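Listed below are the residues making up each chain.
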Amino acid sequence: MEALKALGYEISPIEGGFYGEKRRGGVVYQVFYSEEGDLRLRRLRFLKEEARPLSLAGVEGEWAARYQVEENFFAVVPQEDLPSLVLAFERLDLGAETP
């Protein structure tokens, strides 16, 4: 966990493991790790946001939408492998998907 803190992640305990999160620009990186070694890395990229006035059933309001891409990686690994996996996942570029 200390290695992830050094990489800029905020770490919180969760039942059976821990959760880490780091925000950089329009990207959120998340790490879920269990005591059994189950790992989930998740990256949320916010692609664009839209907002405009809207009348709905005669009520004036605001419509808003946020388009995002969610990417996940799952594995079972020892805790000492986390820093290298997290860094590799942060550098992963599978292209610019758009909705």
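I will try to describe carefully the structure that is included in this document. What you see is a predicted model, and the numbers here were worked out from it, not measured in a lab.

Each value, and the rule that gives it
- Residues numbered from 1 in each chain as written.
- Predicted model: local features only at pLDDT ≥ 70, side-chain atom pairs only at ≥ 80, totals over all residues.
- Heavy atoms only, no water.
- Buried < 20%, exposed > 50% of the residue type's maximum accessible area, 1.4 Å probe, protein only.
- Helix = DSSP H or I, 4+ residues; strand = E, 2+ residues; numbered from the N terminus.
- Arc of directions from axis to C-beta.
- Contact = heavy atoms within 4.5 Å.
- Core = buried A, V, L, I, M, F, W, Y, C linked by side-chain atoms within 4.5 Å.
- Pairing = 2+ DSSP bridges.
- Axes fitted to C-alpha atoms, helices over the stretch in contact; angles between N-to-C directions.

As for helix H2 (residues 82-91)
Phase 1: Three or more residues of H2 are buried, namely Leu-82, Val-86, Phe-89 and Glu-90. Each buried residue of H2 sits inside an arc of 100° when the element is viewed along its axis, so together they form one side.
Phase 2: Among the structural elements, helix H1 (2-6), strand S2 (17-24), strand S3 (27-34), strand S4 (38-56) and strand S5 (59-76) are those in contact with the buried residues of H2.

Brief notes about the nonpolar core
Across soluble globular proteins, you tend to see nonpolar side chains buried next to one another.
Phase 1: In terms of nonpolar packing, the biggest core is built from 14 residues, with Leu-4, Tyr-9, Val-31, Leu-39 and Leu-82 touching the most fellow members.
Phase 2: Elements that contribute at least two residues to this core include exactly S3, S4 and H2.
Phase 3: If one sorts the elements of this core by residue count, S3 sits on top with four residues.
Phase 4: Setting aside residues no more than four positions away along its own chain, Tyr-9 makes contact with Leu-4, Gly-20, Glu-21, Lys-22, Tyr-29, Val-31, Val-86 and Glu-90.

Description of the sheet that holds S5
Phase 1: Read from one edge to the other, the open sheet built from five strands follows the order S1-S2-S3-S4-S5, with strand pairing classed as antiparallel. In this open sheet, the two strands that pair with only one neighbour each are strand S1 (10-14) and S5. Sheet twist, expressed as the mean angle between neighbouring strand axes with direction ignored, is 25°.
Phase 2: Relative to S5, S4 runs antiparallel, the two sharing 18 bridges. Paired with Leu-41 across the bridge in S5 is Phe-73.
Phase 3: Packed on one face of the sheet, H2 meets S2, S3, S4 and S5 and runs near 35° to S4.

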